[in-house]
Structure formats: C-alpha cells, structure tokens
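# Breakdown of the fold
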Amino acid sequence: MNLLDAILKEINEVVSKVDEQSLADAAEYITNERRVFVVGEGRSGLMAKGFAMRLMHLGYEVYVVGETITPAIKENDVVVAVSGSGKSANVVSDAKKAKEKGARVLAFTSNLESELARGADASVLVPGTIRGDQGDNRKSIQLLSSLFDQSVHIVLDGLCLYLSKRDGVSNDSATRKHW
C-alpha cells in the first residue's frame, strides 16, 4: 500500500465513526438569524477558517475569532470551536468567554471528555489522532494531528453540504458569492 492510500484509509476510518446525528444537532444552531464565529489554533484553526469561508459562500454572516475586523460576540451568536485535544488554551478560553456572553458553542474535537466539549452546547466527535497521542494511543502513521485536521475538514464540509441542502442553497448560488 502506498502512503496516500494509507492516509485515505485512516481518514475513511475516522469519518465513518462520526455520528451524523451530532452534525444535524450542531446544524440546528447555525441559522441565518445568528452570526457565526469560528476559532481554532494551528492547523485546526486553518480548518476552521476554511469552514468560515464555505459558510460565507452559503450566505451566513461569519467571522474568524482574532481577526482585526471581527466584531464582539453577543448573546445568541454561535461559536464553532475546533480543537483535536479539546484543551487548546485559547480555544477553550474563547469558548468560555462566548458562553459568558450568552453565545452558543459548538465543539469539534476528538475528546468528548475535554473541557471544551463539556462546556459546549453541542459537540461533534471526530476521533482522529492528535499531536499528544503516543505509543499505543497513536493510531496514525501521520505526524502530529494531521489525521484529526484532515478528518475535521471533511466533517465540516459535510456540515456545509447538510446546511446547503437544508437551506436550499444551490452550487450556482454559492458560486456567485465566491471571489
């Protein structure tokens, strides 16, 4: 088996374990009446930014936490927090601050026992290997958190597809919002 086949096999194994009902539950919080904020660190943060871009294509008002033009989070906003470990300090801190302001928090993580997941309104388990996994806990041939990041990207794209179907947003409509 070549490396790419092995990587695809790992991703398929992780994505097949994601509970689609948890995605549907998360989708209930994402509506055109609510602003959406995304947050993540490192590569997980890049996956969150990719999700934000696709949400914009679907017509949502969406922001990336930490960007200079991002407004303050308010009551009833939604924060999508992406952290494989569920322990990323800034992500957990931002999620707590959002909850204090009355926002809803959606966690995408490989650790439902984490502080992030426990404090979220809804959590989606993406059981990919993360950076700290060692020895017998390491179930990936890939480095660091690559498996989680690749898998969460696919899961978030799946959520966008679900939202586009639910909201009746066609590919042509999304394309018109593309730069």
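Now for a look at the structure at hand. Since the model is a prediction, treat every value here as computed from it, not as a measurement. Per chain, the residues get numbers from 1 upward, laid out in the order the sequence is written. At least 70 in pLDDT is required for a residue's local features to be given in this predicted model, at least 80 for side-chain atom pairs to be given and counted, and no such filter applies to totals for whole chains, interfaces and linings, which use all residues. To get the side-chain values, take all heavy atoms of the structure and skip hydrogens and water.

A few words now on the packing of helix α3 (residues 42–57) against helix α6 (residues 146–167). Angles shown run from 0 to 180 degrees and are taken between the N-to-C directions of axes, each axis being a line fitted to C-alpha atoms and, for helices, limited to the stretch in contact. Labels follow the DSSP assignment, with helices taken as runs of H or I lasting at least four residues and strands as runs of E lasting at least two, numbered in each case from the N terminus. Running from amino to carboxyl end, α3 crosses α6 at an angle of 15°, the nearest separation of the two axes being 9 Å. Considering the angle they form, α3 stands roughly parallel to α6. Remark: the crossing between α3 and α6 carries right-handed chirality. On α6, the residues that touch Arg43, Ser44, Met47, Phe51, Arg54 and Leu55 of α3 are Ser146, Phe148, Asp149, Val152, His153, Leu156, Leu159, Cys160 and Leu163. The cut-offs work like this: below 35 degrees is roughly parallel, past 145 is roughly antiparallel, 65 to 115 is roughly perpendicular, and the gaps in between are oblique. In this scheme the crossing of two helices becomes right-handed for a clockwise turn of the near helix relative to the far one and left-handed for an anticlockwise turn of less than a right angle. In what follows, residue pairs with any heavy atoms lying within 4.5 Å of each other are defined as contacts.

Before going further, it helps to spend a moment on unusual backbone geometry. In the Ramachandran plot, Asn76 falls in the positive-phi region, its phi being about 75° despite a non-glycine side chain. With respect to the secondary-structure elements, Asn76 resides in the loop between β2 (62–64) and β3 (78–82). At Leu144, a residue that is not glycine, the phi angle is positive and equals roughly 45°. To sort residues, take the accessible area from a 1.4 Å probe on protein chains only and compare it with the maximum for the residue type: under 20% means buried, over 50% means exposed, and anything in between is partly exposed. Residue classification places Leu144 among the exposed residues on the basis of a relative accessible area of 54%.

Before going further, it helps to spend a moment on α6. What a helix should span is 1.5 Å times the count of its residues minus one. Here α6 is 22 residues long and its end C-alpha atoms lie 31 Å apart, about the 32 Å a rise of 1.5 Å per residue gives. Considering only its buried residues, α6 is in contact with α1 (3–16), α2 (20–27), α3, β3, β4 (104–109) and β5 (122–125). Positive phi appears at Gly168, one or two residues downstream of α6, with a value of about 70°.

All right, on to the packing of α1 against α6 then. The N-to-C vectors of α1 and α6 enclose an angle of 60°; their axes lie 9 Å apart at closest approach. Classified by the interaxial angle, the pair formed by α1 and α6 is oblique. The chirality of how α1 crosses α6 is right-handed. In contact with Ile7, Glu10, Ile11, Val14 and Val15 of α1, α6 contributes Leu147, Gln150, Ser151 and Ile154. The residue inventory of the contact of α1 with α6, partitioned by class, reads six nonpolar, two polar and one charged. When residues are sorted by character, Ala, Val, Leu, Ile, Met, Phe, Trp, Tyr, Cys and Pro go into the nonpolar class, Asp, Glu, Lys and Arg into the charged class, and all the rest, Gly among them, into the polar class.

Keep in mind these values describe shape, not function.
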